[in-house]
Amino acid sequence: MQDSGTTAVGTPPRPPGSGSGRRPSILRLLGPAFVAAIAYVDPGNVAANVSAGAQLGYLLVWVIVVANAMAVLVQYLSAKLGLVTGRSLPEVLAERMGRRARLAYWGQAELVAAATDLAEIIGGAIALHLLFGLPLLLGGAVTGVISMLVLTVQQRRGQRTFETVITSMLAILAVGFCLGLVVAPPSLTGTLGGLVPRFEGTSSVLIAASMLGATVMPHAIYLHSSLARDRHGSGHSPAGLRRLLVATRWDVALALLLAGTVNLAMLLLAASTLAGRTGVDSIEGAHAAIEDALGPVVGIAFAVALLVSGLASTSVGSYAGAEIMQGLLKVRVPLLTRRLVTLVPALALLATDLSPTWLLVLSQVVLSFGIPFALVPLVRVTSDRALMGEHRNGTATRVAAWGVALAIVALNVALLALTLSGVG
């Protein structure tokens, strides 16, 4: 088992400000949440949000707003666990499980990681096809290779440099996905009307579940505890820990405000530009329609943002998968080796005749079903006084967190019931 004070690259982290007489500013403590936030703007989000806007207009605006609020709470709890205990969520869970339970739990977590990886690779492949005309299979392979180079930065240059690279990519994709709204502002009346929670048939529930799976990401829940610990170290003084928790609240709020804005921009762009058009049931069709309606500059920006989203999120997904395996099984597989292994299933699916966009949406549904397996244990352990001490969840936080878990489970149950009954 890796020592709780050792980073993924093998260097013991020091508490912020160690070795100097001054405390770092809050700004210098930001970063881990921006890496986790990449999971919230991956190609699965593009497919789910574009599908929602094109098919249902402004109907599901409320899903993005509610899901993003849920994500802020969830990611803060994960980061808090890492800072207070010096251990990641998978490590804490492994200490409380027998061998069989750990293996079973790891199996479902790996299924979620595989669904994540599928979305990222397919998204990158579609973007390369849109930009350069590459066949999807070749584009998927190129995406995988470039993501390996990004992971090399993490291994050789450390987490701080990795955070800078990922945050820069987040800024690029934010500009790319939001540019269309400058050219074609959405309807204010439609947007405000979309804030009223409601569904319209099975298809809207399916898309809502995929949006939720794309917004509250299981692998980001597992990973954020590691990111916070590896960046800030462990063994802090009470005052130092309180300061870090304040900085983490700002980190999470700012990162997910940016991610939520990007997600909302995707849906609003699709609702204002694609609603009522034919042939927009795929990302390729949506891109063509956006380019036709708003011009080639917006079309290229959309494709570039999709590519950057795929490259960044598949790198973060591989990082998360490695942390999950190490925490639960005490087995560390080199990141680059894991990247090669997990690339194969995604490429195999790209080689089939299945619609890439439909595979993206379905991958997000799988992620939605994986959320409770990460969220319920997170709420339980962060509410444990013996583990968290004075920093355990307060009453209001526990109520809110359990409410989030219940809402997610209820949505998944509704999805199954509507789908099996054929109500639409």
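First, a word on scope: everything that follows refers to the structure included in this document. Keep in mind that this is a model prediction, so the values were computed, not measured. (Residues numbered from 1 in each chain as written. Predicted model: local features only at pLDDT ≥ 70, side-chain atom pairs only at ≥ 80, totals over all residues. Heavy atoms only, no water.)

Attention now goes to the overall build of the protein. Summing up its helical and strand segments, the protein has 18 helices and 0 strands in all. Taken against the 2.2 N^0.38 rule, which gives 22 Å for 424 residues, the C-alpha radius of gyration of the protein at 20 Å falls within 12% of a compact globule. Residue burial in the protein is summarised as follows: out of 424 residues, 57% are buried. Considering only contacts within the protein whose residues lie at least 6 apart along the sequence, 85% involve residues at least 24 apart. For the protein, the accessible area works out to roughly 16,200 Å², and carbon and sulfur atoms hold 66% of it. For the protein, the distance from the average site of its 28 positive side-chain charges to the average site of its 19 negative ones is 14 Å. (Helix = DSSP H or I, 4+ residues; strand = E, 2+ residues; numbered from the N terminus. Rg over C-alpha atoms; globule rule 2.2 N^0.38 Å. Buried < 20%, exposed > 50% of the residue type's maximum accessible area, 1.4 Å probe, protein only. Contact = heavy atoms within 4.5 Å. Areas by Shrake-Rupley, 256 points an atom, 1.4 Å probe, with all protein chains shown as cover. Lys, Arg positive; Asp, Glu negative; His and termini not counted. Charge placed at Lys NZ, Arg CZ, Asp CG, Glu CD.)

Take the packing of aromatic side chains next. Throughout the structure, instances matching the rule amount to 4 aromatic pairs. Between the aromatic rings of Y105 and Y222, the centroid separation amounts to 6.3 Å while the plane-to-plane angle is 85°, which identifies the pairing as edge-to-face. One end of the pair, Y105, is in helix α6 (residues 99-132); the other, Y222, is in helix α11 (residues 218-232), and 117 residues separate them in sequence. For Y105, a relative accessible area of 9% corresponds to the buried category. The exposure class assigned to Y222 is buried, which follows from its relative accessible area of 2%. (Phe/Tyr/Trp six-rings, centres within 6.5 Å; stacked < 30°, edge-to-face > 60°.)

Turning our attention to the environment of R160. In this fold, R160 is placed in helix α8 (residues 159-183). Looking at R160, the relative accessible area reads 42%, which means it is partly exposed. Note: C-alpha distance between R160 and R231 (71 residues apart in sequence) is 7.4 Å. Not counting residues within four places of it along the chain, the set of residues in contact with R160 comprises R28 and R231.

Once that is clear, we can look at the environment of L306. Assignment of secondary structure puts L306 in helix α14 (residues 296-329). Looking at L306, the relative accessible area reads 0%, which means it is buried. The spacing of L306 and V46 is 260 residues in sequence and 7.6 Å in space, taken between C-alpha atoms. Setting aside residues no more than four positions away along its own chain, L306 makes contact with P43, V46, G123, I126, A127, L130, F177 and I283.

To continue, consider empty space enclosed by the protein. Under the criterion given, the structure shown has 1 cavity of 30 Å³ or more. As for the largest cavity, its lining consists of L29, P32, A79, H224, A228, H232, A247, T248 and D251. Breaking the lining of the largest cavity down by element, the ones donating at least two residues are α11 and α12 (238-273). Looking at the lining of the largest cavity residue by residue, the class counts come to 5 nonpolar, 3 polar and 1 charged. (1 Å grid on protein atoms, 1.4 Å probe; cavity = no way out; pocket = protein on both sides within 12 Å on 5 of 7 lines; lining within 4 Å. Points joined across faces, edges and corners; volume = space filled by probe spheres on them. Nonpolar A, V, L, I, M, F, W, Y, C, P; charged D, E, K, R; others polar.)

Next up on the list: the nonpolar core. Counting 130 residues, the largest nonpolar core has L60, I166, L173, F177, M211 and L274 as the members making the most contacts within it. Among residues more than four places away in sequence, those in contact with F177 are V46, V262, A265, M266, L269, F302, A305, L306 and S309. (Core = buried A, V, L, I, M, F, W, Y, C linked by side-chain atoms within 4.5 Å.)

It is worth spelling out α14 at this point. With 34 residues, α14 ought to run about 50 Å at 1.5 Å a step, and its terminal C-alpha atoms sit 49 Å apart, in line with that. Burial analysis of α14 places 29 of its 34 residues in the buried class, the great majority of the element. Directly beyond the C-terminal end of α14, a positive phi value near 60° is found at K330. (Expected span 1.5 Å × (residues − 1).)

In this structure, the second largest pocket occupies an estimated 300 Å³ of space. For the lining of the second largest pocket, the secondary structure elements donating two or more residues are α6, α14 and α15 (335-350). Looking at which element gives the most residues to the lining of the second largest pocket, the answer is α6, with 8 residues.

The next point concerns the pattern of salt bridges. For side chains of opposite charge, pairing can occur when their charged atoms come near one another. Per the counting criterion, the structure on display carries 8 salt bridges. A salt bridge links D384 to R96; the nearest nitrogen and oxygen atoms lie 2.8 Å apart. In this pair, D384 sits in the loop between α16 (356-382) and α17 (385-388) while R96 sits in the loop between α5 (89-95) and α6, placing the two residues 288 residues apart along the sequence. Judged by its relative accessible area of 22%, D384 is partly exposed. A relative accessible area of 46% means that R96 is categorised as partly exposed. A single network of salt bridges, built from pairs that share partners, joins E91, R229 and D230. (Salt bridge = Lys/Arg side-chain N within 4 Å of Asp/Glu carboxyl O.)

This part is about the side chain of E91. With respect to the helices, strands and loops of the structure, E91 is situated in helix α5. A relative accessible area of 3% means that E91 is categorised as buried. At 3.0 Å, the side chain of E91 forms a polar contact with the backbone nitrogen of S88. A polar contact of 2.9 Å, which involves the side chain of E91, links it to the side chain of R229. (Polar contact = N/O pair within 3.5 Å; in protein donor to acceptor, adjacent residues only side chain to side chain.)

So, on to the packing of helix α4 (residues 61-85) against α11. Angle between the axes and distance between the axes: these two values describe a pair of packed helices. α11 packs onto α4 with a crossing angle of 45° between their chain directions and a minimal axis gap of 7 Å. Taken as axis vectors, α4 and α11 run oblique relative to one another. Viewed along their axes, α4 and α11 form a crossing whose handedness is right-handed. Across the interface between the two elements, V74, Q75, S78, A79, G82 and L83 from α4 touch A220, I221, H224, S225, A228, R229 and H232 from α11. Split by residue class, the contact of α4 with α11 holds 6 nonpolar, 6 polar and 1 charged. (Axes fitted to C-alpha atoms, helices over the stretch in contact; angles between N-to-C directions. Parallel < 35°, antiparallel > 145°, perpendicular 65-115°, else oblique. Left-handed = near helix turned anticlockwise from the far one by under 90°.)

With that settled, consider a nonpolar patch on the surface. A cluster of nonpolar side chains, contributed by V65, L188, L192 and L195, occupies part of the molecular surface with about 380 Å² of accessible area. Of note, L188 is situated in helix α9 (residues 188-193). Here L188 falls in the exposed class, since its relative accessible area comes to 61%. (Patch = residues over 30% accessible without salt bridge, like charges linked within 9 Å, V, L, I, M, F, W, Y side chains within 5 Å.)

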